Amino acid sequence: MRMFDRLPVVKSKTGRSSSGTYADVKAGLLTSPIKLGVRASGWPAHEVDEIVRARIAGSTPEELRSLVLKLEAKRKEPRIGSDSPPNQVRLIRKRELA
């Protein structure tokens, strides 16, 4: 089971504000959030934890960017026993449910 951290949890773990969190995403210092639904996004908890550990260890911004690229590339790797691409959330429209 994969757990996702929503923005308030990410803010708590990183000590950054909302705008600071999204600035880090834009600067490549934090992985981009994954769309969980029509109005919900979140970060894989293990990615946030790994980035926080790297920051505590004193990683430079360049090292953090490298880590972020590695983590985001890993999202696209096929999983064994999975017929569908990883980390793709299919949004169901109301008209599809009718």
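Keep in mind that what you see is a predicted model, and the values were worked out from it rather than measured.

(A) Structural context of the pairing of strand β3 (residues 40-44). When you tally the buried positions in β3, you get four out of five residues, the bulk of the element. Of the strand pairs in this sheet, strand β2 (residues 34-37) and β3 are connected by three bridges, and their pairing is antiparallel. Paired with glycine 37 across the strands is alanine 40, a residue of β3. Counted along the chain from β2 to the antiparallel partner β3, the turn is two residues long.

(B) Structural detail: the packing of helix α1 (residues 7-14) against helix α2 (residues 18-27). At a minimum axis separation of 10 Å, α1 and α2 run at an interaxial angle of 85°. Considered as vectors, α1 and α2 are oriented roughly perpendicular to each other. From α1, Leu7, Val10, Lys11 and Thr14 reach across to α2, where they touch Ser18, Thr21 and Tyr22. Its residues assigned to classes, the contact of α1 with α2 shows three nonpolar, three polar and one charged.

(C) Representation of the packing of aromatic side chains. Across all of its chains, the model carries one aromatic pair by this definition. Ring centres of tyrosine 22 and tryptophan 43 lie 5.9 Å apart, and the angle between their planes is 45°; on these two criteria the pair is classed as tilted. Of the two residues, tyrosine 22 sits in helix α2 while tryptophan 43 sits in strand β3, which places them 21 residues apart along the sequence. In this structure tyrosine 22 comes out as partly exposed when scored by relative accessible area, which is 40%. Using a relative accessible area of 1% as the deciding quantity, one classes tryptophan 43 as buried.

(D) Looking closely at α1. Taken together, the buried positions of α1 are Leu7, Val10 and Thr14. The arc that holds every buried residue of α1, seen down its axis, measures 60°, which confines them to one face. Among the exposed residues of α1, those pointing more than 90 degrees away from its buried face are Pro8 and Ser12. Buried residues belonging to α1 abut β1 (4-5), α2, β3 and α3 (45-56). Phi turns positive, to about 75°, at glycine 15, one or two residues after α1.

(E) Just the packing of α1 against α3, in detail. Two elements in contact, α1 and α3, have axes separated by 10 Å at closest approach and are oriented at 15°. The orientation of α1 relative to α3 falls into the category roughly parallel. Considering the relative orientation of α1 and α3, their crossing is right-handed. Of the residues in α3, those in contact with Val10, Lys13 and Thr14 of α1 are Ala45, Val48, Asp49, Val52 and Arg55. Residues of the contact of α1 with α3, tallied by class, amount to four nonpolar, one polar and three charged.

Reading the values: rules and limits
- Residues numbered from 1 in each chain as written.
- Predicted model: local features only at pLDDT ≥ 70, side-chain atom pairs only at ≥ 80, totals over all residues.
- Heavy atoms only, no water.
- Buried < 20%, exposed > 50% of the residue type's maximum accessible area, 1.4 Å probe, protein only.
- Helix = DSSP H or I, 4+ residues; strand = E, 2+ residues; numbered from the N terminus.
- Pairing = 2+ DSSP bridges.
- Axes fitted to C-alpha atoms, helices over the stretch in contact; angles between N-to-C directions.
- Parallel < 35°, antiparallel > 145°, perpendicular 65-115°, else oblique.
- Contact = heavy atoms within 4.5 Å.
- Nonpolar A, V, L, I, M, F, W, Y, C, P; charged D, E, K, R; others polar.
- Phe/Tyr/Trp six-rings, centres within 6.5 Å; stacked < 30°, edge-to-face > 60°.
- Arc of directions from axis to C-beta.
- Left-handed = near helix turned anticlockwise from the far one by under 90°.

Purely spatial values, then, with no claim about function.
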